[in-house]
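Here is how the chains run, residue by residue.
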Amino acid sequence: MGQPVRDYLLTLCVTAAVTYLLTGPVRKFAIAVGAMPAIRARDVHREPTPRLGGIAMFGGLCAGLIVADHLHNLKSVFELSNEPRALLSGAALIWLIGVLDDKFELDALIKLGAQMIAAAVMVIQGLTILWLPIPGVGTVALTQWQGTLLTVALVVITINAVNFVDGLDGLAAGMVCIASAAFFLYAYRLWYGYMIEAAAPATLFTAILMGMCLGFLPHNMHPARIFMGDSGSMLIGLVLAAAAISVTGQVDPDTMRLFEGSERGATHAMLPVFIPLLLPLTIIAIPAADLVLAIVRRTWNGQSPFAADRGHLHHRLLEIGHSHSRAVLIMYFWSALIAFGAVAYSVHSASMWIVFVILAASAVGLVLLLMPRFTPRAPHWANRFVPPRYRRRAAEPPASSAPASPASYGEKPATVDSGAQQGPEGAQMGEEGPERAPVAVGVSGVNGATAIGARSRFSERRSIDSPR
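Residues numbered from 1 in each chain as written. Predicted model: local features only at pLDDT ≥ 70, side-chain atom pairs only at ≥ 80, totals over all residues. Heavy atoms only, no water.

Structural notes on unusual backbone geometry
Residue His222 is joined to Pro223 through a cis peptide bond whose omega torsion reads -5 degrees. In this structure, Pro223 sits in the loop between helix H8 (200-220) and helix H9 (229-250). Of note, the phi angle at Leu52 is positive, near 65 degrees, even though the residue is not glycine. For Leu52, the position within the fold is in the loop between helix H1 (5-33) and helix H2 (54-69). Under the relative-accessibility criterion, Leu52 is labelled buried at 3%. (Helix = DSSP H or I, 4+ residues; strand = E, 2+ residues; numbered from the N terminus. Buried < 20%, exposed > 50% of the residue type's maximum accessible area, 1.4 Å probe, protein only.)

Here we look at the packing of H2 against helix H4 (residues 83-104)
The geometry of H2 relative to H4 is characterised by a closest axis approach of 11 Å and an angle of 170 degrees between their N-to-C directions. By the angle class used here, H2 and H4 are roughly antiparallel. Seen from above, H2 lies across H4 with left-handed handedness. Here Gly54, Ile55, Phe58, Leu61, Cys62 and Leu65 of H2 lie close against H4, whose contacting residues are Pro84, Leu87, Leu88, Ala91, Ala92, Trp95 and Val99. (Axes fitted to C-alpha atoms, helices over the stretch in contact; angles between N-to-C directions. Parallel < 35°, antiparallel > 145°, perpendicular 65-115°, else oblique. Left-handed = near helix turned anticlockwise from the far one by under 90°. Contact = heavy atoms within 4.5 Å.)

Details of the packing of aromatic side chains
The tally for this structure, following the rule as stated, stands at nine aromatic pairs. Pairing Tyr8 with Tyr188 gives two aromatic rings, centres 6.2 Å apart and planes at 80 degrees, and the pair type is edge-to-face. Highlighted residues: Tyr8 in helix H1 and Tyr188 in helix H7 (residues 171-193), separated in sequence by 180 residues. Accessibility assignment for this pair places Tyr8 and Tyr188 in one class, buried. (Phe/Tyr/Trp six-rings, centres within 6.5 Å; stacked < 30°, edge-to-face > 60°.)

Right under this line is the structure:
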């Protein structure tokens, strides 16, 4: 059997195309049924935006599985394993709960229970963790209850991590796409590098997940025309968790001949087996740090740890001067650094140059974070050649040189009589010239875009530590 790179690429493209084409009609449907919740105080977007983008993503998932089932090199995944059916069953359940939440705002406990049930549905059909590789010890077989609890925990954590990071336009879909791309490289290497057939389902899941995210991103980039909502964020979180469970729980480390040689060599060789458990944590790393900082910040200010505020990571990136798009790209950078760095280290764990590259890239990331604090200003003669943010503003005239108004000398201001002319835009014309009518600043266009004038990043500027 040849390497099915083209089959994976075809599955990815079909999934992305179906997701992209379905998103437009789904947006119109979301507007028609009123799935456009009011803007909350801590939201970044400025206009009600339709949700239910998960409907299009679920359509892409179904299309990808159907196409893969009819491809010569991938249909064996469906013949030898029940994991694709288990994934589809759990995804359908979690997607249905997400659709209802996008429309009716379900209670958090109901969603948590649905996540556990969806994980249990996958466990019943065989998608579960059967053993864990432990360096220096070997493969530890898990009992049925241990495997079930660990599987449910991993699914719930991954789903909520993706849901938590969905705070800016295009952020969650882009970060999951980056993590799934790194995951695909790892699973594909297990399949064709070690000839482990059990890694085939995870390779297929990650290829489909990339297609779902890539097809939805053009509609979700800033300014977003539609949000994925919980129907989308919980869906892609479940698919990512299913891929991790498939590799970790179904691939026997003994087939990789990991226990030959010394214990130290076995420990280094065992590292690739832990990557499926680490890659979902690349999604959790940023929001988990944000969560810890939020608890410390609110407790330090004498507030409840559960009190909502505008001090989250994406709020802070916007406050220090990053644009919406730049804040998202910075988070993309850190996600890619962690995910691909973990995969590269699993391939050459003994190479120190990988560690040096990761440290150098981390330094670059820190510089990008601090860019607004050190924005250079171009000289006056170069203003026309640089972006507006780098232009040096002309010095304003001092207040003493401004002409005094008639009221300052006790004179009565001149009034415009009924015979005053009207300008072309309705401005009143007096003897001294036109008196301009005020121009509305920050007029909002479609889907959160600003049509004219300057624009504030928030409709109400507050300190990042102030409660909302």
